[in-house]
Amino acid sequence: MPLDVFSAEYAWSEDDRDPLRHLRSEFIVPSKHDLQAKRLREVDTGASEEICTYLCGNSLGLQPKRTSKVVSEHLNAWAKKGVYGHFMKHEDSNLSGFLNLDAEAADMMAPLVGAKTHEVAIMETLTANLHLMLASFYRPNKDKYKIILEGKAFPSDHYAIESQIIHNGFDPRDAMICIEPRGSSTAILETSQILSAIDDHASTTALILLPGVQYYTGQYLDIKVITMHAHSHGIAIGWDLAHAVGNVELSLHEWDVDFAVWCNYKYVNAGPGAVAGLFVNEKHGFNDQSGTFRPRLSGWWGGDKAIRFEMGRQFVPIPGAQGFQIGNPSSLAISALIASLEVFQMTSVDALRQKSIKLTAYLEQMLLESPFAKALGDQDGLPYEILTPSASEARGAQLSVRLLPNMLEDIMADLEYNGVVVDERKPDVVRVAPAPMYNSFKDVWNFAQIFINACANAKIKLKGPKTRGGTS
Ligand SMILES: Cc1ncc(COP(=O)(O)O)c(C=O)c1O
């Protein structure tokens with residue numbers, strides 16, 4: 001007899017059948033005890049203590065076990081070789097010299113974003129890279145000076161665009177076209193709406209910047225169609241892929257994206273504030289015969305490696321995205337990224353996405369259709385709604401759950417007490433992200449039980465005893 005989809009046994013059996021289940025053992029999942037402890041102890045691999053339910057890879061991915069090993073090998077190379085560590089290969093190690101780490105990481109990253117190796121650079125932070133891209137791609141004139149973005153863009157993107165517009169002598173009140181969702185009942189931007197905003201402002205628009213996966217709603221935008229449409233008007237378009245990389249399949253080269261920027265601390269698991277990534281389409285990265293190249297803010301690390309140490313005054317960029325590099329990157333930060341990319345090399349983005357689609361659909365089903373959810377919503381409906389689109393092609397791993405007013409604080413406290421890690425966006429949204437790399441069906445099942453129970457408690461508290469004498 002088939003198992004009941006909402007039973008614990010079903011979740012367990014799905015985990016047994018999961019072809020990627022071995023990847024979880026590549027990660028350190030914090031124990032409940034460690035999360036609550038006031039002191040940092042030796043990291044425990046979770047073998048001896050009850051581990052937490054971590055569904056927060058959209059904010060900070062878990063640490064791969066190999067990270068400390070790879071980073072300490074680089075520390076060792078620095079300790080034993082000093083400056084020679086920049087160049088040396090060792091017979092007993094796969095380590096590149098510090099000088100080549102950035103290119104090696106770009107090579108490993110390219111399949112995650114569907115790019116050619118020379119279209120990727122590993123450098124700086126997302127916001128710094130966005131500024132660099134705006135400096136190169138936002139070349140306004142009196143006729144075309146607007147930038148189209150979304151009204152609920154991640155604040156750093158909004159600030160970066162606003163400041164670049166001012167820096168170029170234009171007025172953000174006129175030059176920023178912020179696309180807002182249609183109506184107050186939805187947070188989703190329909191593709192048709194984005195396309196018509198582009199049509200409406202095409203004659204005055206210099207650039208478009210949009211998110212691959214929207215950080216607040218988890219909506220996965222149609223990058224291919226929107227990029228084609230922008231190009232049909234001759235407008236360049238860039239993408240913020242903070243929530244898309246390592247989460248959904250990307251084909252930046254094939255989709256003819258002009259540029260993209262991303263961070264590596266979410267689904268890529270390279271650690272807090274990890275070194276970020278940059279995509280520049282090869283058509284924008286070449287140097288032509290006469291030695292001219294796309295204008296940019298330059299630094300010596302973007303210069304041709306063959307002559308970098310000749311200390312000349314003529315800047316000759318490395319062809320491609322790496323020609324946009326600025327300064328000497330942190331080899332420790334890049335080695336942490338390389339460690340996490342080694343885990344990606346054990347699977348494929350396609351396999352991760354297949355699992356992710358199932359896992360997120362299961363989460364949605366648990367929250368909307370399980371007997372626990374039905375019991376919770378029995379009398380006056382569920383105290384939450386899912387903001388994220390329900391079509392798998394229009395979302396990644398994350399579901400954003402909007403609660404009734406005044407429930408967030410109690411629910412988050414309840415989840416924390418029970419060792420469930422998700423993140424909140426005040427005043428009323430909980431973002432839940434089962435990362436296919438290390439999350440299981442059991443994680444989702446646990447979360448759903450604890451979350452629905454927390455909602456029931458918060459509901460009772462909200463209804464609570466009436467204040468004495470008060471009827472209004
Ligand atoms: C969508 C999005 N854009 C931009 C940023 C800013 O990234 P960074 O601080 O690495 O520059 C973040 C950070 O979480 C983000 O989620």
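Residues numbered from 1 in each chain as written. Predicted model: local features only at pLDDT ≥ 70, side-chain atom pairs only at ≥ 80, totals over all residues. Heavy atoms only, no water.

**Overview of the site of the ligand**
Part 1 of the reasoning: Close to the ligand lie T125, L126, T127, F154, D157, D240, A242, H243, Y265 and K266, which account for all nearby residues.
Part 2 of the reasoning: For the ligand, an oxygen atom lies 2.7 Å from a polar atom in the side chain of Y265.
Part 3 of the reasoning: Contact with the protein chains hides 83% of the accessible area of the ligand, taken as 400 Å² for the molecule alone. (Near = heavy atom within 4 Å. Polar contact = N/O pair within 3.5 Å; in protein donor to acceptor, adjacent residues only side chain to side chain. Areas by Shrake-Rupley, 256 points an atom, 1.4 Å probe, with all protein chains shown as cover.)

**Remarks on a nonpolar patch on the surface**
Part 1 of the reasoning: Taken together, the side chains of L75, W78 and L332 make up a nonpolar region of the molecular surface, amounting to roughly 290 Å² of accessible area.
Part 2 of the reasoning: Mapped onto the elements of the fold, L75 is located in helix α3 (residues 66–81).
Part 3 of the reasoning: Accessibility expressed as a relative area gives 35% for L75, which makes it partly exposed. (Patch = residues over 30% accessible without salt bridge, like charges linked within 9 Å, V, L, I, M, F, W, Y side chains within 5 Å. Salt bridge = Lys/Arg side-chain N within 4 Å of Asp/Glu carboxyl O. Helix = DSSP H or I, 4+ residues; strand = E, 2+ residues; numbered from the N terminus. Buried < 20%, exposed > 50% of the residue type's maximum accessible area, 1.4 Å probe, protein only.)

**Side note on the environment of K144**
Part 1 of the reasoning: Take K144: it is sitting in the loop between α5 (126–137) and β5 (146–150).
Part 2 of the reasoning: Residue classification places K144 among the partly exposed residues on the basis of a relative accessible area of 28%.
Part 3 of the reasoning: Separated by 63 residues in the primary sequence, K144 and L207 have C-alpha atoms spaced 8.8 Å apart.
Part 4 of the reasoning: Every residue in contact with K144, bar those within four places of it in the chain, is listed here: A202, S203, T204, T205, A206, H233 and I235.
Part 5 of the reasoning: Among the polar contacts made by the side chain of K144, one reaches the main-chain carbonyl oxygen of A202 at a distance of 3.2 Å. (Contact = heavy atoms within 4.5 Å.)

**Quick notes on empty space enclosed by the protein**
Part 1 of the reasoning: On inspection of all chains with the given rule, the structure shows two cavities of 30 Å³ or more.
Part 2 of the reasoning: By volume, the largest cavity amounts to about 50 Å³.
Part 3 of the reasoning: A breakdown of the residues in the lining of the largest cavity according to their chemical character gives seven nonpolar, two polar and no charged.
Part 4 of the reasoning: The two domains that each donate at least three residues to the lining of the largest cavity are domain 1 (8–51 + 349–462) and domain 2 (80–344).
Part 5 of the reasoning: Approximately 30 Å³ is the volume attributed to the second largest cavity.
Part 6 of the reasoning: Surrounding the second largest cavity, R24, V29, C52, T53, Y54, L62, Y438, N439 and D443 form its lining.
Part 7 of the reasoning: Grouping the constituent residues of the lining of the second largest cavity by class yields five nonpolar, two polar and two charged. (1 Å grid on protein atoms, 1.4 Å probe; cavity = no way out; pocket = protein on both sides within 12 Å on 5 of 7 lines; lining within 4 Å. Points joined across faces, edges and corners; volume = space filled by probe spheres on them. Nonpolar A, V, L, I, M, F, W, Y, C, P; charged D, E, K, R; others polar. Domains from an automatic or database assignment.)

By themselves, these figures tell us nothing about what the structure is for.
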